[in-house]
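Here is what each chain is made of, one letter per residue.
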Amino acid sequence: IQIRLTPEVKNSHHLKAIQIGNKFGGTALSFKGSLNIQTGDIHRKTGINTSTRLNIKPSYPLNMDSNQSFNVMVIPTSQIKKEGDIEIIFFINEKRYKYLIPAQTKWEKGIKYSYDFLFDGHKITLHQAESNKW
């Protein structure tokens, strides 16, 4: 995940944490499972819905030219049915800003997904997404 400021932002903004998880009560994303090392199959455990949170200490000052990446790993998931089943929450200064992962998104094993976000001081928007093999 990368996040940059848009040019019109004048105030100072610091990224304090990034959290990826299910919407309240959701089960699209699991956080525990087992891996068969012979086949590569991942068996997710149902009912495990704790969010993955990356705390950034010290907080990271956002700017327009940042190329700093923040890496978060999650268990691959099949196609997301509805927008917002999985959400990314950015903790900037003392506020939360949410990005809803679009419907039909699929995170597959063996693929690295890169998301480049923009922050305008009020909301987070996706600028670009890429996927590459590990």
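Let us look at the structure shown here. (Residues numbered from 1 in each chain as written. Predicted model: local features only at pLDDT ≥ 70, side-chain atom pairs only at ≥ 80, totals over all residues. Heavy atoms only, no water.)

Considering the packing of aromatic side chains
Aromatic rings in a pair are described by how distant their centres are and how their planes are angled relative to each other.
Okay, so step 1: Counted according to the given criterion, the structure contains 5 aromatic pairs.
Okay, so step 2: Seen from their ring centres, Tyr60 and Phe70 are 5.4 Å apart, and the 75 degrees between their planes marks the pair as edge-to-face. Of this pair, Tyr60 sits in strand 5 (residues 52–61) while Phe70 sits in the loop between strand 5 and strand 6 (86–92), placing them 10 residues apart in sequence. Across this residue pair, the class does not change: Tyr60 and Phe70 are buried.
Okay, so step 3: Ring geometry for Tyr115 versus Phe117: centroids 6.1 Å apart, planes at 15 degrees, classification stacked.
Okay, so step 4: A relative accessible area of 14% places Tyr115 in the buried class. (Phe/Tyr/Trp six-rings, centres within 6.5 Å; stacked < 30°, edge-to-face > 60°. Helix = DSSP H or I, 4+ residues; strand = E, 2+ residues; numbered from the N terminus. Buried < 20%, exposed > 50% of the residue type's maximum accessible area, 1.4 Å probe, protein only.)

Thoughts on the nonpolar core
A general trend in soluble globular proteins is that nonpolar side chains are found buried together.
Okay, so step 1: Judged by nonpolar contacts, the single largest core of 26 residues is most densely connected at Ile3, Leu15, Ile88, Phe90, Ile92, Phe117 and Ile124.
Okay, so step 2: Only strand 1 (2–5), strand 2 (14–22), strand 5, strand 6, strand 7 (95–100) and strand 8 (111–119) provide two or more residues apiece to this core.
Okay, so step 3: The biggest single contributor to this core is strand 6, with 4 residues.
Okay, so step 4: Excluding its chain neighbours within four sequence positions, the residues that come into contact with Leu15 are Ile3, Ile56, Ser59, Tyr60, Leu62, Phe70, Phe90, Phe91 and Ile92. (Core = buried A, V, L, I, M, F, W, Y, C linked by side-chain atoms within 4.5 Å. Contact = heavy atoms within 4.5 Å.)

Focus on the environment of Ala28
Okay, so step 1: Inspection of the secondary structure puts Ala28 in the loop between strand 2 and strand 3 (33–35).
Okay, so step 2: In sequence terms Ala28 and Gly84 are 56 residues apart; their C-alpha atoms lie 10.0 Å from each other.
Okay, so step 3: Beyond its immediate stretch of four places on either side in the chain, Ala28 contacts Asn22, Arg44, Thr77, Asp85 and Ile86.

Some points on unusual backbone geometry
Among all residues save glycine, negative phi is the norm, and among peptide bonds the norm is trans.
Okay, so step 1: For the peptide bond that leads from Lys57 to Pro58, omega is -5 degrees, which places it in the cis range.
Okay, so step 2: Along the chain, the position of Pro58 falls in strand 5.
Okay, so step 3: Unusually for a residue other than glycine, Asn93 sits at a positive phi of about 50 degrees.
Okay, so step 4: For Asn93, the position within the fold is in the loop between strand 6 and strand 7.

A word on the environment of Leu62
Okay, so step 1: Its location among the elements puts Leu62 in the loop between strand 5 and strand 6.
Okay, so step 2: Taking the C-alpha atoms as reference, Leu62 lies 5.7 Å from His14; in sequence the two are 48 residues apart.
Okay, so step 3: Apart from residues no more than four positions distant in its own chain, Leu62 is found in contact with Ile3, Leu5, His13, Leu15, Ile92 and Phe119.

Some words on the layout of surface pockets
Okay, so step 1: Counted as a void, the largest pocket has a volume near 620 Å³.
Okay, so step 2: Lining the largest pocket we find 26 residues, and of these Val72, Ile111, Lys112, Tyr113 and Ser114 sit closest to its centre.
Okay, so step 3: The set of elements that each furnish at least two residues to the lining of the largest pocket consists of strand 8 and strand 9 (124–133).
Okay, so step 4: No other element matches strand 8, which puts 6 residues into the lining of the largest pocket.
Okay, so step 5: For the lining of the largest pocket, the class distribution of residues is 15 nonpolar, 6 polar and 5 charged. (1 Å grid on protein atoms, 1.4 Å probe; cavity = no way out; pocket = protein on both sides within 12 Å on 5 of 7 lines; lining within 4 Å. Points joined across faces, edges and corners; volume = space filled by probe spheres on them. Nonpolar A, V, L, I, M, F, W, Y, C, P; charged D, E, K, R; others polar.)

Describing the environment of Glu130
Okay, so step 1: Considering the arrangement of structural elements, one finds Glu130 in strand 9.
Okay, so step 2: With 15 residues separating them in the primary sequence, Glu130 and Tyr115 have C-alpha atoms 6.6 Å apart.
Okay, so step 3: Those residues in contact with Glu130, other than ones at most four positions away along the chain, are Lys112, Tyr113 and Ser114.
Okay, so step 4: A distance of 2.7 Å separates a polar atom in the side chain of Glu130 from a polar atom in the side chain of Gln128. (Polar contact = N/O pair within 3.5 Å; in protein donor to acceptor, adjacent residues only side chain to side chain.)

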